[in-house]
Amino acid sequence: IFTLGSQRGGSQLIALDRSDGGRLWAAQVGGGAPNCTPTVDGNRVFALGRAGDLVCADASSGQVLWRKNFTRDFGGRMMSGWGYSESPLIDGNQLACTPGAPDAILAALDKKSGATIWSSPAPPITGRRGRDGAAYSSIVVSNAAGVRQYIQLTGRGIVAVAAKDGRP
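Treat the numbers as computed from the prediction; the structure is a model and nothing was measured.

**Some words on the pattern of salt bridges**
Phase 1: Within this structure, the stated rule accounts for four salt bridges.
Phase 2: Linking Asp41 and Lys111 is a salt bridge whose minimum nitrogen-to-oxygen distance equals 2.6 Å. Separated by 70 residues along the polypeptide, Asp41 in strand S4 (residues 39-41) and Lys111 in the loop between strand S10 (106-110) and strand S11 (116-120) bring together distant segments of the chain.
Phase 3: A salt bridge links Asp91 to Arg148; the nearest nitrogen and oxygen atoms lie 2.8 Å apart. Residue Asp91 is found in strand S8 (residues 89-91), and its partner Arg148 is found in the loop between strand S12 (140-142) and strand S13 (149-154); the two are separated by 57 residues along the sequence.
Phase 4: For Asp91, a relative accessible area of 15% corresponds to the buried category.
Phase 5: Residue class for Arg148 comes out partly exposed when judged on its relative accessible area of 39%.

**Let's talk about the sheet that holds strand S1 (residues 2-7)**
Phase 1: The strand order S1-S2-S3 describes an open sheet built from three strands, whose pairing is antiparallel. Among the strands making up the open sheet, the edge pair consists of S1 and strand S3 (23-31). For this sheet, the mean inter-axis angle between neighbouring strands, taken without regard to orientation, is 30°.
Phase 2: Across seven bridges, strand S2 (residues 10-16) lies against S3 in antiparallel orientation.

The rules we used
Residues numbered from 1 in each chain as written. Predicted model: local features only at pLDDT ≥ 70, side-chain atom pairs only at ≥ 80, totals over all residues. Heavy atoms only, no water. Salt bridge = Lys/Arg side-chain N within 4 Å of Asp/Glu carboxyl O. Helix = DSSP H or I, 4+ residues; strand = E, 2+ residues; numbered from the N terminus. Buried < 20%, exposed > 50% of the residue type's maximum accessible area, 1.4 Å probe, protein only. Pairing = 2+ DSSP bridges. Axes fitted to C-alpha atoms, helices over the stretch in contact; angles between N-to-C directions.

Right, dumping it as structure tokens:
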């Protein structure tokens with residue numbers, strides 16, 4: 001069983017034995033209490049902390065295989081002070097996420113290395129409502145109009161981009 005919890009002053013990705021609930025391992029994610037749930041794909045677990053710390057850990061040992069930070073690595077931000085609240089989406093070889101940056105409102109990373117595959121710029125602002133940045137939801141997949149798309153709620157509204165290359 002994989003979950004996030006607040007321990008030792010920050011978010012930790014925690015693995016529990018499903019037979020007795022005993023803790024198997026814990027890996028530091030980042031500061032603040034968590035708002036998200038982990039995503040499991042094969043022998044990897046992906047978790048996002050409230051401050052935008054994204055980690056990929058080995059499901060057996062808890063060893064962190066790679067780490068990104070939405071603010072430092074993408075210039076990302078949240079639309080308010082509640083912190084990032086998204087469960088990473090695994091789609092084939094990529095992890096789709098929402099850094100909330102002007103040049104990377106959404107991004108796709110290589111799930112094995114964390115390298116950026118593409119990032120999609122925020123759409124032009126069409127109204128005064130809302131705020132720039134990521135909001136409180138997880139990306140969903142759509143196959144509308146014959147195009148595989150990632151759909152996400154942001155601080156300014158709904159964004160849809162092509163899963164293949166991030167184009168609007």
